[in-house]
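An overview of the molecular structure
Here is what each chain is made of, one letter per residue.
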Amino acid sequence: MKEVLGKKLSGLREPLGKFYARVADFDVNNSNVDSFADLILAQMKELSFDKVSKDKAGNVIGIIKGYGNKDSVVMMSHIDVMSANRQKLENLHERGTAQFKAGIAAGIYTGALVKRALMPLTGDLIVCCVPRVESGDFGIRSLFEGFLKTRTRKVKGVVLCEPTDFNINLGHKGRMEYEIVVRGKMVRNFLENRGINMLGTMFPLISELEKVSRELPSDFNLGRSDLKIKDVRFNGSQPQEEVSEFRIVVDRVFIPEENESYILDKAKTIARNVYKSDSDITVRTALAKERVKTYTGLETLSEKEYKPWLMESHRSFASDSLKSLTESGFKSDFGYWKKIVTDGSYTCAQLKIPTIGFGAGSEDALGAGPDLLGFDKVERAVYGQTLIVQRNIGMPAFGWNADEI
């Protein structure tokens, strides 16, 4: 079968190169993301996927049907529609964006290689491309609550087409945005000097948060938690009551031993301790939310949170996938993302579906310059992902060779 895959991949080299060049050069923004999704949809149709569709959230879905009706594998890439803030936070410049687009090309052409090689599968290979914005998981949530709702129990595992430097990645830290809201009476001349008084009132809390950021916990595999002040906002005042309100917006990276409730409660405790001598001041904390409108017109209120997740390396989906790579010449090992977040926050942390990451490129080089990720690495990612599919849902093909296919 490996000989067959090699020959069929050679035949796909030219169309894969052309498609990767097209997606890499496509500058995706809010006004043209629909056209970008249609480009992906058209490519799946051209490559003779058995079923191709796009749902109400803009998820593009292609299916290579298996010969059996057993568990399926979901291959997941994503269309990034990112704000300047998220690009800055994750250091995603031209090269970083290209690496994520490489995941789109590799995922689609993994399906094409499985199809061209007539690989017998015990279940379906489902290739998905999910739109993602800064505000959370609306795309993948819609996918699993809609198209995949009746299939979720039959998903053997999810492969995230993300940059892993050809390792099998098993998790990453979480990321959330929350607000600390401080409300109460300020000094009489606040309106005349509100800028000075705002800073004077908020500085003790900002200073205390910065101290806490240096003492956050660390995970052996994932690294250290982090805290950054993203914004400070003055939300107006009521002069008759001399009441004003401030908000500190915090970007928080956290490890699995922490959780949303723990982080919000701790932030509230810190703020209350700072203002404990001011009986007229109240404090509350809340996870930030944002109303998102997708390019398909779907509107939703999305929480700004990606949960942390860790896959156990002894799970068969992980160990079998790694073995299939190392047996075929990949210098692969288990690894973890230290900077980026992925849809494993939903598939593994919430749905408890076995999830791994595999792909070309490295998160350490996301901002390393304007050059694109080399095509040869994208081609190798296709081969590696196909090996993972074959090992997990492939039927035995003993004795097959190129002449028999």
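Residues numbered from 1 in each chain as written. Predicted model: local features only at pLDDT ≥ 70, side-chain atom pairs only at ≥ 80, totals over all residues. Heavy atoms only, no water.

1. Some details on the overall build of the protein chain
What counts, and what does not: Secondary structure follows DSSP: runs of H or I at least 4 residues long count as helices, runs of E at least 2 residues long count as strands, and numbering of each begins at the N terminus. The buried label goes to any residue with under 20% of its type's maximum accessible area, the exposed label to any with over 50%, and the partly exposed label to all in between, with areas taken from a 1.4 Å probe on protein chains only. For this analysis, residues touch if any pair of their heavy atoms sits within 4.5 Å. Here the Shrake-Rupley method, with its probe set to 1.4 Å, supplies the accessible areas, and only the displayed protein chains count as covering residues.
For the protein chain, the helix and strand inventory stands at 10 helices and 19 strands. Buried positions account for 54% of the 405 residues belonging to the protein chain. The long-range fraction of contacts in the protein chain, counting pairs at least 24 apart against all pairs at least 6 apart in sequence, stands at 80%. Carbon and sulfur atoms make up 47% of the accessible area of the protein chain, which amounts to about 18,100 Å² in all.

2. Points about the pairing of strand β3 (residues 72-80)
Rules: Two strands pair if DSSP finds at least two bridges between them.
Burial runs high along β3: nine of the nine residues are buried. Burial of the side chains of β3 extends over both faces: Ser72, Val74, Met76, His78 and Asp80 are buried on one face and Val73, Met75, Ser77 and Ile79 on the other. Taken together, the five bridges between β3 and strand β5 (residues 155-160) define a ladder with parallel strand orientation. Residue pairing across strands places methionine 75 opposite valine 159, the latter belonging to β5.

3. Comments concerning the side chain of serine 72
Within the secondary structure layout, serine 72 lies in strand β3. A residue is classified by how much of its surface remains accessible, and serine 72, at 4% relative accessible area, is buried.

4. Overview of helix α2 (residues 33-46)
Heads up, the rule is: The span you would expect from a helix comes to 1.5 Å times its residue count less one.
The terminal C-alpha atoms of α2 lie 20 Å apart, and with 14 residues this matches the ideal 20 Å at 1.5 Å per residue to within 8%. Following α2 by one or two positions, serine 48 has its phi on the positive side, about 65°.

5. A word on unusual backbone geometry
Non-glycine residue leucine 118 carries a positive phi angle of around 55°. Residue placement: leucine 118 occurs in the loop between α4 (94-116) and β4 (125-132). With phi around 60°, aspartate 165 is a residue other than glycine that occupies positive phi space. Residue position: aspartate 165 is located in the loop between β5 and β6 (168-169).

6. Structural notes on the nonpolar core
The condition that has to hold: By nonpolar core we mean a set of buried residues, namely Ala, Val, Leu, Ile, Met, Phe, Trp, Tyr and Cys, connected to one another through side-chain atoms within 4.5 Å.
Counting residues in each nonpolar core, the largest one holds 84 residues, and the members touching the most others are Ile40, Met76, Ile108, Tyr109, Leu125 and Ile356. Take this core: its biggest share by element is 10 residues, from α4. Apart from residues lying up to four places away in sequence, isoleucine 356 is in contact with Val158, Val159, Leu160, Ile168, Asn169, Leu170, Met311, Phe317, Ala318, Ser321 and Ile388. By size, the runner-up hydrophobic cluster in this structure holds 24 residues, among which are Val182, Ile206, Val250 and Ala267.

7. Some words on the environment of valine 249
Topologically, valine 249 is positioned in strand β12 (residues 243-254). The spacing of valine 249 and alanine 288 is 39 residues in sequence and 8.3 Å in space, taken between C-alpha atoms. For valine 249, the residues in contact, after removing those within four places along its chain, are Glu177, Tyr178, Glu179, Lys228, Ile229, Lys230, Asp231 and Arg233.

8. What to know about the pattern of salt bridges
Rules: A pairing counts as a salt bridge when a side-chain nitrogen of Lys or Arg comes within 4 Å of a carboxyl oxygen of Asp or Glu.
Enumeration over the complete set of coordinates arrives at 22 salt bridges. For the salt bridge of aspartate 226 with lysine 228, the shortest nitrogen-to-oxygen distance reads 2.4 Å. Judged by its relative accessible area of 24%, aspartate 226 is partly exposed. Overall, the relative accessible area of 43% leaves lysine 228 in the partly exposed class. It is possible to trace a salt-bridge network through shared partners that takes in Glu179, Arg183, Asp231, Arg233, Glu245 and Arg247.

9. As for helix α5 (residues 138-145)
Counted residue by residue, α5 has six buried out of eight residues, so it is predominantly covered. For α5, the elements touching its buried residues are β2 (60-64), β3, β4, β14 (289-293), β15 (299-303) and α9 (344-347).

10. Some thoughts on the state of the cysteines
Here is the rule we go by: In this description, a disulfide is simply a cysteine sulfur pair whose atoms lie within 2.5 Å.
Enumeration according to the criterion identifies zero disulfides in this entry. Cysteine 129 provides the cysteine sulfur closest to cysteine 128, a residue in no disulfide bond, and the two sulfurs are 8.9 Å apart. On the accessibility criterion, cysteine 128 (1% relative accessible area) is buried. Looking at the unpaired cysteine 161, the closest cysteine sulfur is the one in cysteine 129, lying at 9.1 Å.

11. Points about the confidence of the model for the protein chain
The predicted coordinates of low-pLDDT regions are not to be read in fine detail. The line we're drawing: What pLDDT reports is the predictor's confidence in each residue, on a scale of 0 through 100.
Mean pLDDT for the protein chain: 85, with 83% of residues reaching 70 or above. Contacts from residues 187-196, a stretch scored under 50 in pLDDT, to residues over four places away or in other chains number 12 contacts.

12. Observations regarding the packing of aromatic side chains
Stated precisely, the cut-off is as follows: Classification of ring pairs uses Phe, Tyr and Trp, with its six-membered ring standing for Trp, and accepts pairs whose centres are within 6.5 Å; under 30 degrees between planes counts as stacked, over 60 as edge-to-face, and the remaining range as tilted.
For the structure on display, the rule yields eight aromatic pairs. Here phenylalanine 166 and phenylalanine 358 contribute two aromatic rings whose centre-to-centre distance is 5.8 Å and whose plane-to-plane angle is 40°, an arrangement assigned as tilted. One end of the pair, phenylalanine 166, is in the loop between β5 and β6; the other, phenylalanine 358, is in the loop between β19 (355-357) and α10 (375-393), and 192 residues separate them in sequence. What makes phenylalanine 166 buried here is its relative accessible area of 12%. Between the aromatic rings of phenylalanine 330 and tyrosine 383, the centroid separation amounts to 6.3 Å while the plane-to-plane angle is 20°, which identifies the pairing as stacked. Note that phenylalanine 330 is positioned in the loop between α8 (316-326) and β18 (334-335) and tyrosine 383 in helix α10, a separation of 53 residues in sequence. For the pair formed by phenylalanine 330 and tyrosine 383, the shared burial category is buried. Taken together, the aromatic side chains of Phe166, Phe330, Phe358 and Tyr383 make up a single cluster linked through ring pairs.

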